[in-house]
Amino acid sequence: MDHSTHHSPAPADDGHGHHGDHGDLHGHGHGTTWATAMQATLHCLTGCAIGEILGMVIGTALMWGNVPTMVLAIALAFVFGYSFTLFAVVRAGVSMKAAIKVALAADTVSIAVMELVDNGIIALVPGAMDAHLSDGLFWYALLGGFAVAFVITTPVNKWMIGRGKGHAVVHAYH
């Protein structure tokens, strides 16, 4: 049996001493850079932060308890996290249905990890759950949670992008 049809030939030198498809230069393939992973995580964190803060402001303004406020904040974190990717992909000419699939594939794990870490930290900081928006403790716990979530989510995104998953699916539309 001829196995040559099952294996692609070794990539040729591009004239600059590089071999391959340059996946590591653009955040694709197994050579994904930390800069690419950090950029994807920051993109995700921005949407999550907007949604989470908005949810907390709304829940506080409506005088909801901790649990419904946190549920709203997490839900809005997902909505805003997905929307950043969704609108970028739609602008690239993709249908809304296809863009939703891309956003779900690109951001679900990243947002979930970020929200788990961030909200876990807020829940673990003594007094943070009962702090008001005007209290420094609320903002220190929230911003500290975002910082720790960024540090933990970046390697997750690097691993996923390196395998063509997560934010890597968005790069086809840039």
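Since the model is a prediction, treat every value here as computed from it, not as a measurement.

Student: Talk me through unusual backbone geometry; I want residue IDs and the actual numbers.
Tutor: The phi dihedral of Met-63 falls on the positive side, at around 60 degrees, and the residue is not glycine. Residue position: Met-63 is located in the loop between α1 (34-61) and α2 (66-91).

Student: Please set out a nonpolar patch on the surface residue by residue, giving values where relevant.
Tutor: The grouping of Leu-54, Ile-58, Leu-62 and Trp-64 at the surface amounts to a nonpolar patch, some 340 Å² of accessible area in total. With respect to the secondary-structure elements, Leu-62 resides in the loop between α1 and α2.

Student: Account for the side chain of Glu-52, with residues named and values stated.
Tutor: For Glu-52, the location among the structural elements is in helix α1. With no salt bridge to any partner, buried Glu-52 finds its closest opposite charge in Arg-91, at an N-O distance of 22 Å. Those residues within four positions of Glu-52 in sequence are excluded, and the remaining contacts are Ala-73, Ala-77, Glu-115, Asp-118, Asn-119, Ile-122, Leu-142 and Phe-146.

Student: Would you mind going over the side chain of Thr-41 in detail, with residue names and values included?
Tutor: Considering the arrangement of structural elements, one finds Thr-41 in helix α1. Among the polar contacts made by the side chain of Thr-41, one reaches the side chain of Asn-157 at a distance of 2.7 Å. Every residue in contact with Thr-41, bar those within four places of it in the chain, is listed here: Met-114, Phe-150, Thr-153, Thr-154 and Asn-157.

The rules behind each value
Residues numbered from 1 in each chain as written. Predicted model: local features only at pLDDT ≥ 70, side-chain atom pairs only at ≥ 80, totals over all residues. Heavy atoms only, no water. Helix = DSSP H or I, 4+ residues; strand = E, 2+ residues; numbered from the N terminus. Patch = residues over 30% accessible without salt bridge, like charges linked within 9 Å, V, L, I, M, F, W, Y side chains within 5 Å. Areas by Shrake-Rupley, 256 points an atom, 1.4 Å probe, with all protein chains shown as cover. Salt bridge = Lys/Arg side-chain N within 4 Å of Asp/Glu carboxyl O. Buried < 20%, exposed > 50% of the residue type's maximum accessible area, 1.4 Å probe, protein only. Lys, Arg positive; Asp, Glu negative; His and termini not counted. Contact = heavy atoms within 4.5 Å. Polar contact = N/O pair within 3.5 Å; in protein donor to acceptor, adjacent residues only side chain to side chain.

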